[in-house]
Amino acid sequence: MSPDFRLPPTSVTQPTGTTTAAPVRPADAIMMALQLLRPIDAQQLLGGDQANAEVVQSSNKPNISGQFDLLLKIVKQDMSGTTTLPASTSQPVAPGTQMVVQAVTQTQLIAVVQQVASQNTQLLTQLDPEQFPAGTPVQARVISQQAIPASVNQAARYELVAQLVQQSPQQTLLSITSARPVEPGTQLNATVGSQGELRVLSSSEQVRQADLLQGLRAAFQQQASSELLLTRLASLAAAPQELPPVPALQLAIANVLKQIVDAPQLMTATGVANAVAQSGSFLEANLARLADIMSKQQNAEGAVSVDGKPTTATGGDSPKPALPALDKLLPLLASLSAPRATEPLAGADFKGALVGLLVTLQQQLPGAALQPPQNPAGPWQQAMQLAQQGTSVKPGLFPLPARALQALGETSDLGSLLRLTAALLSRIQHHQLQSMGQTQTFSDGSSQTTWQLEIPLRDGQQFNHVQVRIQRDESAPTPRQPEPVPVWEVRLAFNLDHLGSMQAIARLRNDKISSELWAERQETLGLINSEIGALRDRLLAKGLDVGELSCHRGAPPPPRQPVQQGWVDEVT
């Protein structure tokens, strides 16, 4: 979130001037549509740009069609001259009113009134905490902006007047300062801070969030759980005669299965660290790291060799290494050690191994077999309908519901394996997008970083998975505490046959830890109660200050995270 917008926590101020000629306009007239009365191509006249306009004349009474007639004087954007246009609108506007207009069709304009501060309307510099408690999402549309004279040692600032939309039936105008200019008509999406300030998303952040939402929807519809695919791969690895005699395919299947951990590996800190590092969530980061290593090698040696062939790129003053093809690139990641790893990775990581399997399967299939799978009938279609509406897939969804494409797993043909592999890759991508959507830096200097991932697990002869969500909250620095202490929260979600569905939540601040355990089955809850004392002893043995340890029946509430959600309307 951008730190460049401020709503100062001061009292309500009165505007400096009023006018008696202008009728009081309702809130929805701040932004109005104008209909041209002459057959003029408005888009060609304005060139698709915004232009300043002044109301030269206006009627006090509506015409036969119920519209108010206006005469506008428009100053062209290139300052080449002025044009007078007759228009009509559904609301009365006083002569002398300044506005910004832009053509939307050949005969229609959209206008944003600039001089709202001259009307008998209060400008708020603080929101009512009872009506707008901290964390409330708000939307405001910029009405006007004015540059604030800057001193020698100060950067330029801009004073904005913005109108709240959707939150209040009354016209509510805000006085906001900004570090950069904001065009009138721009919609600001924000949350209310603890001191009444606005945490405003910049336009680039809104675009990023819109892209994330689109990616979350697509990945949510295409994803499927890992169990069915891994079961099929293990069966094929044990009976390779069922596969085409292609060594590359057998190697790709074996590489995927190498990434699967078992329960004993998750009993040590090193095992957990390796499982997290190889979960696939960090494949892109490792690729960027590999590209950096190759770039440094090229600068030092003048070339990077893959399979004995130079891969240099020419052109420009600073040539970059030409990365090899994907089937050559993924094995190179095996030379990169994961954090705390005792040995190099067996393969790139789980996602990289799946990508390698996907590429190998595509090479063995004709084009007709590469059609996208049909969505299976059943309750999952209802979930996807919710996804289309944006109600189920938004940053913060945890745990991700399990989904098995049974229709694609009944046979061991390569087409089914391809679709199951693509679905599992979509599931990993969904976790990655969830992490990106929840990671934010706020206007008061506080931040939240989230990592959401899934660890495939071998449970005896069966396969399962553990979903992990790690969140790091850091408050804004203050003079008394220039280096704030972060608060960590770790959530686990899993479903084992002998325990049922369970979730665990651990929170750590300084060296004090507290934990909640949730179970769906009553017998599992009894087992947890009998072991809660042993858990406390083990935490104390690690030198931690143990707070409350509790267990509950059912499922915990969703993670608390102050992520801005108002941009959903912008996507629509």
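The model shown is predicted, which means the values in this text are computed figures rather than measured ones. (Residues numbered from 1 in each chain as written. Predicted model: local features only at pLDDT ≥ 70, side-chain atom pairs only at ≥ 80, totals over all residues. Heavy atoms only, no water.)

Student: Residue-level account of the overall build of the protein chain, with values.
Tutor: The secondary structure content of the protein chain amounts to 13 helices and 23 strands. Burial statistics for the protein chain: of 572 residues in total, 44% are counted as buried. Carbon and sulfur atoms make up 53% of the accessible area of the protein chain, which amounts to about 29,000 Å² in all. (Helix = DSSP H or I, 4+ residues; strand = E, 2+ residues; numbered from the N terminus. Buried < 20%, exposed > 50% of the residue type's maximum accessible area, 1.4 Å probe, protein only. Areas by Shrake-Rupley, 256 points an atom, 1.4 Å probe, with all protein chains shown as cover.)

Student: Hey, could you go over empty space enclosed by the protein for me, with residue numbers and the actual values?
Tutor: All told, the structure shown has 2 cavities of 30 Å³ or more when counted by the stated rule. There is about 50 Å³ of room inside the largest cavity. The wall of the largest cavity is formed by S226, F350, L424, R427, I428, E454, P456 and H465. For the lining of the largest cavity, the secondary-structure elements that each account for two or more residues are α11 (414-438) and β18 (447-459). Of all the elements, α11 adds the most residues to the lining of the largest cavity, at 3 residues. Each residue belonging to the lining of the largest cavity can be placed in one class, and the counts come to 4 nonpolar, 2 polar and 2 charged. Put simply, the second largest cavity is a space of about 30 Å³. Every residue lining the second largest cavity is listed: V138, Q139, A140, L164, L174, L188, A190, L198 and V200. Elements that contribute at least two residues to the lining of the second largest cavity include exactly β9 (137-148), β12 (187-192) and β13 (198-200). Ranked by residue count, the leading element in the lining of the second largest cavity is β9, at 3 residues. (1 Å grid on protein atoms, 1.4 Å probe; cavity = no way out; pocket = protein on both sides within 12 Å on 5 of 7 lines; lining within 4 Å. Points joined across faces, edges and corners; volume = space filled by probe spheres on them. Nonpolar A, V, L, I, M, F, W, Y, C, P; charged D, E, K, R; others polar.)

Student: Can you break down the layout of surface pockets residue by residue, with the values?
Tutor: Estimates place the volume of the largest pocket at around 2,500 Å³. Taken together, 47 residues line the largest pocket, and the ones lying closest to its centre are L266, M267, V272, V490 and L492. Breaking the lining of the largest pocket down by element, the ones donating at least two residues are α5 (269-277), β18, β19 (462-474), β20 (487-496), β21 (500-509), β22 (512-519) and α12 (522-541). Tallied by class, residues from the lining of the largest pocket come to 37 nonpolar, 4 polar and 6 charged.

Student: Summarise the packing of aromatic side chains; cite the residues concerned and give the values.
Tutor: The geometry of an aromatic ring pair is captured by the separation of the ring centres together with the interplanar angle, meaning the angle of the planes. Evaluation of the coordinates by the stated rule reveals 1 aromatic pair. Considering the side-chain rings of W451 and W488, the 6.2 Å spacing of their centres and the 10 degrees angle between planes classify their relative orientation as stacked. Taken together, the residues W451 in strand β18 and W488 in strand β20 connect sequence positions 37 residues apart. Taking relative accessible area as the criterion, W451 reaches 30% and is therefore assigned partly exposed. The partly exposed category is assigned to W488, whose relative accessible area is 32%. (Phe/Tyr/Trp six-rings, centres within 6.5 Å; stacked < 30°, edge-to-face > 60°.)

Student: Break down the nonpolar core for me, citing the residues and quoting the values.
Tutor: The biggest cluster of nonpolar side chains holds 29 residues, and the ones touching the most others in it are L233, L249, V256, F350, L354 and L357. When contributions to this core are tallied by element, the ones reaching two or more residues are α3 (227-238), α4 (247-258), α8 (350-364) and α11. Every residue in contact with L249, bar those within four places of it in the chain, is listed here: L243, P244, L357, T360, L361 and L414. Membership of the second largest hydrophobic core comes to 20 residues, among which are L46, L85, A103 and A111. (Core = buried A, V, L, I, M, F, W, Y, C linked by side-chain atoms within 4.5 Å. Contact = heavy atoms within 4.5 Å.)

Student: Lay out the side chain of D349 with the relevant residues and their values.
Tutor: Along the polypeptide, D349 turns up in the loop between α7 (326-332) and α8. With residues up to four places along the chain from it excluded, the contact list for D349 reads Q259, A277, Q278, G280, F282, L283 and N286.

Student: Which residues make up the pairing of β12, and what values do they have?
Tutor: Of all 6 residues that make up β12, 6 are buried, and the element is covered over most of its length. Along β12, one buried face is formed by Q187, N189 and T191 and the opposite face, lined by L188, A190 and V192, is buried too. Two elements, β9 and β12, share 5 bridges in a ladder whose sense is antiparallel. Across the sheet, residue A140 finds its bridge partner in β12, namely L188. Of the strand pairs in this sheet, β12 and β13 are connected by 3 bridges, and their pairing is antiparallel. Looking at the pairing, T191 lines up with R199 of β13. (Pairing = 2+ DSSP bridges.)

Student: Describe the packing of α8 against α11, and please don't skip the residues or the numbers.
Tutor: Between α8 and α11, the shortest axis-to-axis distance is 9 Å and the interhelical angle comes to 150 degrees. In this view, α8 runs roughly antiparallel relative to α11, as classed from their interaxial angle. Two packed elements cross with a definite hand, and for α8 against α11 that hand is left-handed. Judged by residue contacts, F350, K351, L354, V355, L357, L358, L361, Q362 and Q364 of α8 engage L414, L417, L418, T421, A422, L424, L425, I428 and Q432 from α11. (Axes fitted to C-alpha atoms, helices over the stretch in contact; angles between N-to-C directions. Parallel < 35°, antiparallel > 145°, perpendicular 65-115°, else oblique. Left-handed = near helix turned anticlockwise from the far one by under 90°.)

Student: Provide a residue-level description of the sheet that holds strand β2 (residues 31-36), including the pertinent values.
Tutor: Strand order in this closed barrel of 6 strands is β2-β5-β4-β3-β6-β7, and the pairing throughout is antiparallel. Across this sheet, the average inter-strand angle for adjacent strands is 45 degrees, counted without regard to direction. Across 5 bridges, the pairing between strand β6 (residues 98-103) and strand β7 (residues 108-113) is antiparallel. Considered in β7, the bridge of V100 is made with V112.

Student: For the pairing of β18, give the residues involved together with the corresponding values.
Tutor: The sheet contact formed by strand β14 (residues 261-262) and β18 spans 2 bridges and is parallel. Residue pairing across strands places V261 opposite L457, the latter belonging to β18. Pairing of β18 with β19, which is carried by 13 bridges, proceeds in the antiparallel orientation. Paired with Q452 across the strands is R469, a residue of β19. Connecting β18 to the next strand, β19, in antiparallel fashion are 2 residues, including G460 with a positive phi near 70 degrees.

In short, geometric facts, not functional conclusions.
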